[in-house]
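Examination of the molecular architecture
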Amino acid sequence: MHRYRFLLTRQWVILTLVAIALIPTMIRLGFWQQHRYEERTARNDLVSQALHAEPVPVERLTSPGHAVTHAEKYRTVTATGTFDPSREVVVRRRTNSDDEVGFHVLTPFVLTDGKVLLVNRGWIPANGVQTAFPRIPAPPAGRTTITGRLKADETTAASGIKNVKGLPDRQIMLIDSAEEARRLGAKVLGGYVEQTAPEPKGGSPEQISDPGSEDAPLNYAYMIQWWLFAAGVPVGWWFLVRREIRDREEAAAQETPEETEPAAV
């Protein structure tokens, strides 16, 4: 066992402790990536199912004060009513598919029963300062049937967008059906709809694209990577130990002839 006495040196004790600490850390990181993979896969499946489900009337899924659930989010819904552009607002600091900053156009849609549905008609450019209310293309006039994706009310916690106060008139940071119900003095359905049809004349507002799928396979690859690293730590430690033993034995072998060589006569 004297060959392994060097393991008790300060350098090797530190190296061994670091190796021991790395193994469970890397295993935990692998499990974290596994959780992210499962979470993203479930989200992708849910979004895909919602987008491919048959359209249903919006009032089957939401009502005034209703909080849109994960299962209801992105469901395709239809609604019949009339746009009220006189009371529409814009949502600040929103980007389009090219990452250009502008506004989302949020227009009240008065249903045939008098309730109000918030409709995000799409994106328009900021075109200069954002203190003035922008010029917005008009929605279809008269009784209209629209189709869109149902979305949940936005919150700072979910979006990371701070709900700034004191904004210019008819500008908001987050889409919140409860806040809009107070502003409009009406019964507003919970959540809102991202309009997908009918398409706007002239392509403006620019409609919001389908939600993309999250890269779950990347998390799976990271999971395997961390577990391979964890398995590689003891292998690497043993390789270093064997190399240290070999180097010490070679050094000892080179010193032996000099010590035993007879003195010259």
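Right above here is the structure, for reference.
Residues numbered from 1 in each chain as written. Predicted model: local features only at pLDDT ≥ 70, side-chain atom pairs only at ≥ 80, totals over all residues. Heavy atoms only, no water.

1. As for the layout of surface pockets
Counted only if it meets this: As defined here, a cavity is a set of points on a 1 Å grid over the protein atoms alone where a 1.4 Å probe fits but cannot get out. A pocket is an open set with protein on both sides within 12 Å along at least five of seven lines, and residues line them when an atom is within 4 Å of a point. Grid points are joined across faces, edges and corners, and a volume is the space filled by probe spheres set on the points. Secondary structure counts use DSSP, requiring at least four H or I residues in a row for a helix and at least two E residues in a row for a strand, with both numbered from the N terminus. Asp, Glu, Lys and Arg are counted as charged, while Ala, Val, Leu, Ile, Met, Phe, Trp, Tyr, Cys and Pro are counted as nonpolar; the rest, among them Gly, fall into the polar class.
Taken as a whole, the largest pocket holds about 490 Å³ of empty space. What lines the largest pocket is a set of 19 residues, among which K73, Y74, K151, E154 and Y192 lie closest to the centre. Elements supplying a minimum of two residues to the lining of the largest pocket: α2 (156-159) and β8 (192-197). Partitioned by chemical class, the residues of the lining of the largest pocket number 7 nonpolar, 4 polar and 8 charged.

2. With respect to the pattern of salt bridges
Applied cut-off: For this document, the term salt bridge refers to a Lys or Arg side-chain nitrogen within 4 Å of an Asp or Glu carboxyl oxygen. When accessible area is computed with a 1.4 Å probe and restricted to protein chains, residues below 20% of their type maximum are described as buried, those above 50% as exposed, and intermediate ones as partly exposed.
Taken as a whole and judged by the stated rule, the model has 11 salt bridges. When the shortest N-O distance is used, the salt bridge between E154 and R94 registers 2.8 Å. On the criterion of sequence distance, the pair formed by E154 in the loop between β6 (144-151) and α2 and R94 in strand β3 (residues 89-95) is long-range, its members being 60 residues apart. With respect to class, E154 is no different from R94; both count as buried. Of the charged contacts, one joins E180 and R183 as a salt bridge, the two residues approaching to 2.7 Å between their closest N and O atoms. Linking E180 with R183, this pair stays in helix α3 (residues 177-184), spanning 3 residues, or about one helical turn. On the basis of relative accessibility, which here comes to 38%, the residue R183 falls in the partly exposed class. Each member of the salt-bridge network shares a partner with another, and the members are E59, D113 and K115.

3. Digging into the environment of V89
Filter applied, for reference: Any two residues whose heavy atoms approach within 4.5 Å are treated as being in contact.
Mapping V89 onto the fold places it in strand β3. Through-space distance from the C-alpha of V89 to that of L106 is 5.4 Å; in sequence the pair is 17 residues apart. In this view, V89 contacts H104, V105, L106, F133, R170, I172, E180 and R183; residues no more than four positions away in its chain are not counted.

4. Focus on the environment of T76
Residue position: T76 is located in strand β2 (residues 76-83). Here the alpha-carbon distance between T76 and G190, two residues 114 residues apart in the chain, equals 15 Å. Those residues in contact with T76, other than ones at most four positions away along the chain, are A50, L51, E54, P55, V56, T147 and G148.

5. Things to note about the pairing of β6
Applicable threshold: When DSSP finds two or more bridges between a pair of strands, those strands are recorded as paired.
The element β6 is extensively covered by neighbouring structure, given that 6 of its 8 residues are classed as buried. One ladder, built from 6 bridges, connects β2 with β6; its direction is antiparallel. Along β6, the bridge assignment pairs T80 with T145. Where β6 meets β8, 5 bridges bridge the pair, whose relative direction is antiparallel.

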